[in-house]
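# Tertiary structure, described
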Amino acid sequence: MAPFRDDTRGNHGGDRIAALVGAVPLVDHHCHGIVRTPLTRPEFESLLCEADGPGPWHGSLFDTQIGFAVRRLCAPVLGLEPHADPDTYLARRAELGPDEVNRLLLRSTGVTEYLVDTGFSPEHSTTPEELAACTGATAHEVVRLEALAEQVMIEHGPRDFADRCREQVKRAARTAVAFKTVAAYRVGLDLAPEHPSDAAVFTASVRWASDIERGLPPRMVDETLTRFLIWTALDTRVPIQFHVGYGDADIDLARADPLLLMPLLRATAALNVPIMLLHNYPFHRHAGYLAQVFDHVFVDVGLSLHNVGTAGAARILGELLELAPFGSVLFSTDGYGLPELFHVGAQVFRQALSEYLETVVAQDQWTESDAIRVARMIAEGNARRAYRLGDRTGSG
């Protein structure tokens, strides 16, 4: 589906670029499952952005950039006029039912492959296989390291914790296309670069088990164990994703700046394992710098684009591209729960990339052929290369 455009330019080169970007297949290198049950308005709004839900002060979360984008870009796909009001939109959504809404919105994205993080609320969302079935695309699993460790602790306790984690990570690497860490949420990104010793891991795991015995939830929030899991994943040579920057209220944003990762990035550079910095906003320029100076670093602005809206998306993508090598930039939606987030994410990305490329071609900074080549790289080529997707068989 071609991107929504507000103008009808007579620039034929721009038209060709827009047509290409509107049609190029996408690899969504980071997303989650979707909800397949009917949603009330508060439930729907709670999934729109990083807020917990509509509150007494801010009012409806439809009154956000993403809320307006849903009404503009998703309403026509469901058979409504653009800018349908929220009640009309939700009534149409209920009339069609979750399965049909999911089918319509997801199949109009042009995404051919999804890399699905299965570690967040898996009991409430589709598996990679289920997502593939309702999209007609291919889906691959991304294994969340913290969830893996928590399962090991619940099932086995601290005894042989390090060895059991190594076994589980090695087993997961046989089929998963990547691992992911949410260290930014749990301990921050200011991680010591050293691989912790088994003795340090044992001490930390015993301390964690003691906390669980005292009634604390089995949530891994230990810096030593986080580093252990990251290095264990790196040993498999499978790419590892880091959440960076923008997130919900559970994150301490000041500790989620990717520049904090520099010691770890220096320490891992020789391993030649791709490290994926996800989302990055408002630190996307920092991420672009890291991608330039570290060959193994890849970046995106996935979650941010549809949250800042169409007006700001081209600017933010352009700021990422100021320093980031074009071979290091990927597309993602971070879609979760709502198929609308996948649809808006793809549409806003296509429009932002089109506007950026049209501008640099019109200014004679780039040739049209270079613009088209870079568009294909960012849309799918870089992800296929970094995750070695051609070497794997996905679901669907």
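Heads up: these notes are all about the structure in this document. Please read all numbers here as calculations on a predicted model, not as lab measurements.

Rules behind the numbers
Residues numbered from 1 in each chain as written. Predicted model: local features only at pLDDT ≥ 70, side-chain atom pairs only at ≥ 80, totals over all residues. Heavy atoms only, no water. Salt bridge = Lys/Arg side-chain N within 4 Å of Asp/Glu carboxyl O. Buried < 20%, exposed > 50% of the residue type's maximum accessible area, 1.4 Å probe, protein only. Helix = DSSP H or I, 4+ residues; strand = E, 2+ residues; numbered from the N terminus. Axes fitted to C-alpha atoms, helices over the stretch in contact; angles between N-to-C directions. Parallel < 35°, antiparallel > 145°, perpendicular 65-115°, else oblique. Left-handed = near helix turned anticlockwise from the far one by under 90°. Contact = heavy atoms within 4.5 Å. Nonpolar A, V, L, I, M, F, W, Y, C, P; charged D, E, K, R; others polar. 1 Å grid on protein atoms, 1.4 Å probe; cavity = no way out; pocket = protein on both sides within 12 Å on 5 of 7 lines; lining within 4 Å. Points joined across faces, edges and corners; volume = space filled by probe spheres on them. Expected span 1.5 Å × (residues − 1). Arc of directions from axis to C-beta.

### Quick word on the pattern of salt bridges
According to the stated counting rule, one finds 22 salt bridges in the structure shown. Between Asp 211 and Arg 214 there is a salt bridge, with the nearest N and O atoms lying 2.5 Å from each other. With relative accessibility at 59%, the residue Arg 214 sits in the exposed group. When the shortest N-O distance is used, the salt bridge between Arg 219 and Asp 250 registers 2.9 Å. With a gap of 31 residues between them, Arg 219 in the loop between α10 (198-213) and α11 (223-234) and Asp 250 in the loop between β5 (240-244) and α12 (262-268) connect regions that are remote in the sequence. Via salt bridges that share partners, Arg 285, Arg 315, Glu 319 and Glu 322 belong to a single interconnected network.

### Let's talk about the packing of helix α15 (residues 310-320) against helix α16 (residues 339-362)
It is at 8 Å that the axes of α15 and α16 come closest, and there the two elements cross at 60°. As the angle between them shows, α15 and α16 are arranged oblique. In this structure, the crossing between α15 and α16 has a hand that is right-handed. Contacts from Thr 310, Ala 313, Ala 314, Leu 317 and Gly 318 of α15 reach α16 at Val 348, Gln 351, Ala 352, Leu 353, Glu 355 and Tyr 356. Across the contact of α15 with α16, the residue classes tally to 7 nonpolar, 3 polar and 1 charged.

### Remarks on empty space enclosed by the protein
Taken as a whole and assessed by the stated rule, the structure comprises 1 cavity of 30 Å³ or more. If you add up the space inside the largest cavity, you get close to 30 Å³. Forming the boundary of the largest cavity are Asp 300, Val 301, Gly 302, Leu 305, Leu 317, Leu 330, Phe 331, Ser 332 and Phe 349. A breakdown of the residues in the lining of the largest cavity according to their chemical character gives 6 nonpolar, 2 polar and 1 charged.

### Re helix α8 (residues 161-172)
Helix length check: α8 (12 residues) gives 16 Å between terminal C-alpha atoms against 16 Å at 1.5 Å per residue, within 8%. Buried residues of α8: Phe 161, Ala 162, Cys 165, Val 169 and Ala 172, and no others. Buried residues of α8, seen end-on, are gathered within an arc of 95° and therefore sit on one face of the element. Summarising the contacts, the buried residues of α8 are in contact with β3 (138-144), α7 (145-156), β4 (178-181), α10 and α11.

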